[in-house]
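Coordinates in review
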Amino acid sequence: MDIHIDTIYPLTHPKPEDRPLYQIFLLGEPVEIVVDLVRYKTTSTSLLFLSPYQHLAWEKPVLQPVIQILFHGDFYCIEYHKKEVACNGLLFNNIYLQPFVNVPATLYEEIVYLVSKMKNELGSKAPFSASVLKAYLQLILALSSKVKKQQVGIDVPTDHAEMQLGGMFQQLLEEHFSTVRSVSFYAGKLNLSTDAFSRKIKRQLGKLPSVFIQERVILEAKKLLHLTYLSVKEIALRLHFDDEHYFSRYFKKYVGVSPSEFRATVGISIVATK
């Protein structure tokens, strides 16, 4: 079955995680982690959501064991364009939001209980087990999305001008990421010097604009590799790379595997259902 539940021990095995699967980590204590070279610090019990081939490293020793849910995209993520409880939205594959959600202790315990029910179901060969597991997984994602949406609504900058700047950059990036990867282009569109633009975006959104540009290109490449039968050459052309070899080097630099390897391990079988 394309879903697994493990217990890992970061204190004794603190190696970075890098898998071709969606991953959810149940974190029973505050942790400091690095995801795709960006440092984050949780403040309470929390859940961490990683997409295939995102890079995770434990910045400091984690004393408690960590529950990890792993599932293949074909198991649950029916399409990339569904919001909130799908594999794109508030939890997964959102380059503008932190990859975790802090949850109250009571909700955390409720989710731990749901995971225990999933583990029992995994050991069963009864009919409809897969459907039951998907229902539990959907409930965990829905509960997490509800909290994350509330937090996103609260956690906004107090400076209205900077809030507008971040929003305008995101809009510009969505319009131009496939054709323009220069920070100076976006800075110019917003009438700022490259240095001033980079400082403001880093202060508001937590990452440099160059990182957002790279992540948005890679995210689109992952979508096209996962959900279409376009060749690597066709994807390179769609994303305006000079040739497929340059695109392959770019992709492997940031993801760790080649586009062909990513497609082979993540899978594209769900395209056939559309």
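None of the values given here were measured: they were computed from a predicted structure. (Residues numbered from 1 in each chain as written. Predicted model: local features only at pLDDT ≥ 70, side-chain atom pairs only at ≥ 80, totals over all residues. Heavy atoms only, no water.)

Another point: the pairing of strand β5 (residues 46-50). For β5, the tally of buried residues reaches five of five residues, placing the bulk of the element in the interior. By the alternation rule, side chains of β5 split into Ser 46, Leu 48 and Leu 50 and Leu 47 and Phe 49, which are all buried. Sheet topology note: the strand β2 (residues 22-27)/β5 ladder contains five bridges and is antiparallel. For Phe 25, the partnering residue across the bridge sits in β5 and is Leu 48. Sheet analysis places β5 next to strand β8 (residues 100-102), joined by three bridges and oriented antiparallel. The partner of Leu 47 across the bridge, within β8, is Val 101. (Buried < 20%, exposed > 50% of the residue type's maximum accessible area, 1.4 Å probe, protein only. Helix = DSSP H or I, 4+ residues; strand = E, 2+ residues; numbered from the N terminus. Pairing = 2+ DSSP bridges.)

Averaged over all residues, the pLDDT of the protein equals 85, while 85% of them reach at least 70. Per-residue pLDDT stays below 50 along residues 78-85; that stretch engages in 21 contacts with residues further than four places along the chain or on separate chains. Residue range residues 270-274 is modelled with pLDDT below 50. Its contacts to residues more than four positions away, or to other chains, number eleven contacts. (pLDDT = per-residue confidence, 0-100. Contact = heavy atoms within 4.5 Å.)

To continue, consider helix α9 (residues 244-255). With twelve residues, α9 should reach 16 Å at 1.5 Å per residue; the first-to-last C-alpha distance of 16 Å fits that figure. Among all positions of α9, only Phe 247, Tyr 250, Phe 251 and Val 255 are buried. Relative to the axis of α9, the buried residues are bounded by an arc of 110° and lie together on one face. Those residues of α9 that are exposed and angled more than 90 degrees off the buried face are His 245, Arg 249 and Lys 253. (Expected span 1.5 Å × (residues − 1). Arc of directions from axis to C-beta.)

Now for the sheet that holds strand β3 (residues 32-35). A sheet is described by the order of its strands in space; here three strands give the open sequence β4-β3-β6, paired in antiparallel fashion. In this open sheet, the two edge strands, each paired with only one partner strand, are β4 (38-41) and β6 (56-58). This sheet shows a mean twist of 25° between the axes of neighbouring strands, independent of strand direction. Where β3 lies against β6, three bridges are found, and the strand directions are antiparallel. Of the residues in β6, the one forming a bridge with Val 34 is Ala 57. (Axes fitted to C-alpha atoms, helices over the stretch in contact; angles between N-to-C directions.)

A word on the packing of aromatic side chains. A full pass over the atoms with the stated rule returns 19 aromatic pairs. Here the aromatic rings of Tyr 250 and Tyr 254 are separated by 5.0 Å at their centres, their planes lie at 70°, and the arrangement is edge-to-face. With Tyr 250 and Tyr 254 both in helix α9, this residue pair falls four residues apart, about one helical turn. Judged by relative accessible area, Tyr 250 falls into the buried class, the value being 12%. Its relative accessible area of 28% is what places Tyr 254 among the partly exposed residues. Taken together, the ring pairs in this structure connect Tyr 53, Phe 241, Tyr 246, Phe 247, Tyr 250, Phe 251, Tyr 254 and Phe 262 into an aromatic cluster. Its guanidinium or amino end placed over the ring of Phe 241, Arg 181 lies 4.0 Å from that ring's centre, counting from NZ or CZ. The aromatic ring of Tyr 250 is capped on one face by Arg 181, whose charged end is 5.9 Å from the ring centroid. (Phe/Tyr/Trp six-rings, centres within 6.5 Å; stacked < 30°, edge-to-face > 60°. Lys NZ or Arg CZ within 6 Å of the ring centre and 35° of its normal.)

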